[in-house]
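Coordinate inspection notes
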Amino acid sequence: MDSEVWTVVEAKAKFSEIIDKAQSKGPQTVTKNGRIAVVIVSAEEWERKSKRVGNLAEFFAHSPLRNAPMKITRN
């Protein structure tokens, strides 16, 4: 991936170009006051990275703590 770093001023002036590069070359980083502010990624990459695998019940069913002893106290 060819990630580039852009300042906010550059990002404002070249927003369409940043979108095109995010879609074709990968994440594009935007800095504000010399610090990373945001990373622009394509919708396809966002969907792939944010997609959840399984559900909460499956998560707990596969937990290594599933059969661990528990002490429950009530006040």
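Residues numbered from 1 in each chain as written. Predicted model: local features only at pLDDT ≥ 70, side-chain atom pairs only at ≥ 80, totals over all residues. Heavy atoms only, no water.

Helix and strand counts for the protein chain come out as four helices and three strands. In summary, the protein chain has a C-alpha radius of gyration of 21 Å against a globular reference of 11 Å for 75 residues, an excess of more than 25%. Its C-alpha atoms put the protein chain at 60 × 30 × 20 Å along the principal axes. Of all intrachain contacts in the protein chain linking residues separated by at least 6 positions in sequence, the fraction that spans at least 24 positions is 30%. Total accessible area computed for the protein chain in this model is approximately 6900 Å², and 55% of it derives from carbon and sulfur atoms. Across the protein chain, the centroid of the 13 positively charged side chains sits 13 Å from that of the 9 negatively charged ones. (Helix = DSSP H or I, 4+ residues; strand = E, 2+ residues; numbered from the N terminus. Rg over C-alpha atoms; globule rule 2.2 N^0.38 Å. Contact = heavy atoms within 4.5 Å. Areas by Shrake-Rupley, 256 points an atom, 1.4 Å probe, with all protein chains shown as cover. Lys, Arg positive; Asp, Glu negative; His and termini not counted. Charge placed at Lys NZ, Arg CZ, Asp CG, Glu CD.)

With that settled, consider a nonpolar patch on the surface. Side chains of L56, F59 and F60 sit close together on the surface and give an oily, nonpolar patch of about 370 Å² of accessible area. The residue L56 is located in helix α4 (residues 56-61) in this model. (Patch = residues over 30% accessible without salt bridge, like charges linked within 9 Å, V, L, I, M, F, W, Y side chains within 5 Å. Salt bridge = Lys/Arg side-chain N within 4 Å of Asp/Glu carboxyl O.)

Another aspect to go through is the packing of aromatic side chains. Taken as a whole and judged by the stated rule, the model has one aromatic pair. For the ring pair F59 and F60, a centre distance of 5.4 Å and an interplane angle of 70° mean the geometry is edge-to-face. Residue F59 is classed as exposed on the basis of its relative accessible area of 56%. (Phe/Tyr/Trp six-rings, centres within 6.5 Å; stacked < 30°, edge-to-face > 60°. Buried < 20%, exposed > 50% of the residue type's maximum accessible area, 1.4 Å probe, protein only.)

This next bit is on the nonpolar core. W6, A11, I18, A22, V30 and I40 form the largest nonpolar core, which has six residues in total. For I40, the contacting residues outside a window of four places in its chain are F15, I18, A22, G26, P27, Q28 and V30. (Core = buried A, V, L, I, M, F, W, Y, C linked by side-chain atoms within 4.5 Å.)

Before going further, it helps to examine the pattern of salt bridges. Applying the stated rule across the entire model yields two salt bridges. When the shortest N-O distance is used, the salt bridge between E4 and K21 registers 2.5 Å. Here E4 is found in the segment before β1 (5-7), whereas its partner K21 is found in helix α2 (residues 15-24), with 17 residues between them in sequence. Classification of E4 as partly exposed rests on a relative accessible area of 24%. Overall, K21 belongs to the buried group, its relative accessible area being 17%. E17 is paired through a salt bridge with K21; the nearest N and O atoms lie 3.7 Å apart. Of this pair, E17 and K21 both sit in helix α2, four residues apart, which is roughly one turn of the helix. With a relative accessible area of 32%, E17 lands in the partly exposed category. Put simply, E4, E17 and K21 are held in one network by salt bridges that share partners.

So, to be careful, I would describe these as geometric facts and stop short of saying anything about function.
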